Amino acid sequence: TLGVVLAFRDVRERLELLQSEQEMQTARVVQMALYPKSDPVVPGFEISGLMHPSSQTSGDYYDYITSADGTLTVVIGDVSGHGLGPALEMVETRASLRTLLSDHCDLGPAFKRLNMILLDDLPEGMFVTLFAARIDWQRRSLTYAAAGHQAQLLTRQGEWVRLDSLGLPLGIESAASDRAPQDVSLQPGDLI
């Protein structure tokens, strides 16, 4: 009797593990389908993005969002943690930001509204770091907002310029993104 009970437990645990792995793989397929299918074409600019998550599902995020006036915003971000929970929060962040930026060109109000949405929805201790750059190809400039996301660098003629975060990560407190977006003029050969 003991051998049969142990064998049954082992099979049940293996089936549960297999089901969990299949669910994570399905979540990864859904998440990967939300990333941009192609890079945008903007006169005078080369824009490219690539994502390699460190686990099957994660809170890593990048996107290209076109506003109603035709302006392009490039977005990168990260939801704290790894796994299914952060992946789901990334989907919410993506959907909310796409809705906000499709109507509003100004990054400041969009970040403030997104912060309020995430404050209501994120579990305790979870947050989102986010960088968004709206490109004005005619003026050869960009306007950026950054909430806790510190990895942005601009290289110009071999020199590095840091594009600092302008506020706390989103979803932590109501004043997370209280600094105004910054304007940066661009020159041929600049790389961000």
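Everything below is about the structure printed above this text.
Residues numbered from 1 in each chain as written. Predicted model: local features only at pLDDT ≥ 70, side-chain atom pairs only at ≥ 80, totals over all residues. Heavy atoms only, no water.

Caption draft 1: Structural view of the pairing of strand 3 (residues 128–136). Where burial is concerned, most of strand 3 is hidden: 7 out of the 9 residues are buried. As defined by bridge partners, strand 2 (residues 72–82) adjoins strand 3 across 8 bridges and the pair is classed as antiparallel. Opposite Val75, over in strand 3, you have Ala132 as the bridge partner. In textbook terms, the turn of a hairpin is the stretch between consecutive antiparallel strands, and for strand 3 and strand 4 (residues 141–147) this stretch comprises 4 residues, one of which, Arg140, has a positive phi near 55 degrees. (Buried < 20%, exposed > 50% of the residue type's maximum accessible area, 1.4 Å probe, protein only. Helix = DSSP H or I, 4+ residues; strand = E, 2+ residues; numbered from the N terminus. Pairing = 2+ DSSP bridges.)

Caption draft 2: View of the pattern of salt bridges. Within the structure shown, the criterion is met by 5 salt bridges. We note a salt bridge from Arg98 to Asp63, for which the minimum N-O separation is 2.7 Å. Linking Arg98 in helix 2 (residues 84–103) with Asp63 in strand 1 (residues 58–66), this pair joins segments that are 35 residues apart in sequence. Note on Arg98: relative accessible area 32%, which makes it partly exposed. Among the residues examined, Asp63 registers a relative accessible area of 0% and is labelled buried. One salt bridge in this structure joins Arg162 and Asp164, with 2.6 Å as the shortest N-O distance. Note on Arg162: relative accessible area 48%, which makes it partly exposed. Where salt bridges share partners, they join Asp63, Arg94 and Arg98 into one cluster. (Salt bridge = Lys/Arg side-chain N within 4 Å of Asp/Glu carboxyl O.)

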